[in-house]
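Below are the chains, spelled out letter by letter.
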Amino acid sequence: MTDRLLRTATRTHSFSESVIREMTRVAREHDAINLAQGFPDFPAPQLLKDAACAAIQGDVNQYAITWGTANLRNALSEKYAAMYDLEFDPEREITVTCGATEAMAAVMLATIDPGEEVIVFEPFYENYGPDAVLSQASPVFLPLEAPDYRVERDRLEAVVTPKTRAIVVNTPNNPTGRVFDRDELQAIADICREYDILAITDEIYEHIYYESEHLVLAGFEGMRDRTITVSGLSKTFSVTGWRVGTVMAPPHLTDAIRKVHDFLTVGAPAPLQEACAVGLRELGQDYYTQMVERYKERRGVLLSALQAAGFGCTTPQGAYYVLADFSGMSDEDDTTFAKRLTSEGGVAPVPGSSFYSTPEGGRSVVRFVFCKRLETLHAAAERLRAFSVSG
Ligand code: GLN
């Protein structure tokens, strides 16, 4: 083959394939328990599955309106008003996408010009770097210090430049488990307003928080018109394979986001959007409360197992991940350790460096998920114990 045929676009060269999904493949190869990729191994709510089947049987099988079925956009608008006291016009301010993943990419493509900067707190969910690169923007990584991972106003202000276009705010956070408090979000809001910057939030874990409450940045004074709120139903309803994401944004931004979304994917699956609308209307606060109680119990099981095996970790305040420090157990780098734990220990985590801009950043940490059945977590605990004993 000629060089020309072998060539791929330069924009793909600066990032690799998803390490999270790679670890899922490695887990399968070794028949390991997959505590790498964040998806539940328990069933989705029956009501939701019935609603999806009913929609398919009812012949809701063609394209929905590209920016989302009216039914789902209306249900979302009702939810944001009731829960967060925020009014979003379903006709002009809400877009349904193929997961929060597409939402983040579409939002960046629609709002950031080449050469502009996007501030990303580090450690970060691995998509934000490539999303910025695909938009030809420059990600500017701002390290948050373990174990608290707090946002400090002065440090944030120090990385703002005239080119800064947006700040990505993921709370509850993957991978740290932090839920940003009012002071931290106020600091972000102040900087956004003072320097005329957009906030792009990733609130996919909005209903999964434990001791500290999730606050919506769009609800802070002066933020309604400069915040793009990304979320989705994957984690809330345990349907990560459905790919139903959501974007709430002021009308002029929504217009641009809808255009990009239309040409990227046309739309999210129509019958599944109908089912999510049913879920939003019928599974209310009781469902969220129960879900959180279950995750709390799972969090406890995983934390004890990790601590007993010799990992250093702090208790996540939200989402369903634990970043665990293995420096007391091994001198290996994170990738070597993660692969050995998978192949020899039979439990797969994600290497910490996936969440940092440089390999040194996450060299001695790995990430485990606890969105799994208690049996799965107990089995993983047993394997972690045996692995720690065998050295
Ligand atoms: N958000 C999940 C995680 O961090 C799943 C990632 C993915 O594969 N899309 O593991």
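Right, let's walk through the structure included here.

Basis of the calculations
- Residues numbered from 1 in each chain as written.
- Predicted model: local features only at pLDDT ≥ 70, side-chain atom pairs only at ≥ 80, totals over all residues.
- Heavy atoms only, no water.
- Patch = residues over 30% accessible without salt bridge, like charges linked within 9 Å, V, L, I, M, F, W, Y side chains within 5 Å.
- Areas by Shrake-Rupley, 256 points an atom, 1.4 Å probe, with all protein chains shown as cover.
- Salt bridge = Lys/Arg side-chain N within 4 Å of Asp/Glu carboxyl O.
- Helix = DSSP H or I, 4+ residues; strand = E, 2+ residues; numbered from the N terminus.
- Buried < 20%, exposed > 50% of the residue type's maximum accessible area, 1.4 Å probe, protein only.
- Near = heavy atom within 4 Å.
- Polar contact = N/O pair within 3.5 Å; in protein donor to acceptor, adjacent residues only side chain to side chain.
- Nonpolar A, V, L, I, M, F, W, Y, C, P; charged D, E, K, R; others polar.

### What about a nonpolar patch on the surface?
Here's step 1: A contiguous nonpolar surface patch, about 400 Å² in accessible area, is contributed by Met1, Leu5 and Leu6.
Here's step 2: Positionally, Leu6 belongs in helix α1 (residues 3–6).

### Quick look at the pattern of salt bridges
Here's step 1: Counted by the stated rule, this structure contains 19 salt bridges.
Here's step 2: Residues Arg25 and Glu17 are paired through a salt bridge, measuring 2.7 Å at the closest nitrogen-oxygen approach.
Here's step 3: Overall, the relative accessible area of 39% leaves Arg25 in the partly exposed class.
Here's step 4: Owing to a relative accessible area of 48%, Glu17 belongs among the partly exposed residues under this scheme.
Here's step 5: Across the salt bridge formed by Arg153 and Asp190, the nearest N and O atoms sit 3.7 Å from each other.

### A short note on the site of the ligand
Here's step 1: In the vicinity of the ligand, the contacting residues are Ile20, Arg21, Gln37, Gly38, Tyr125, Asn174, Tyr205, Lys235, Tyr321 and Arg367.
Here's step 2: Between the ligand and Tyr125 there is a distance of 3.4 Å, counted from a nitrogen atom to a side-chain nitrogen or oxygen.
Here's step 3: Against a free-state accessible area of 300 Å², the protein chains account for coverage of 88% of the ligand.
Here's step 4: Here the residues of the shell around the ligand sort into four nonpolar, three polar and three charged.

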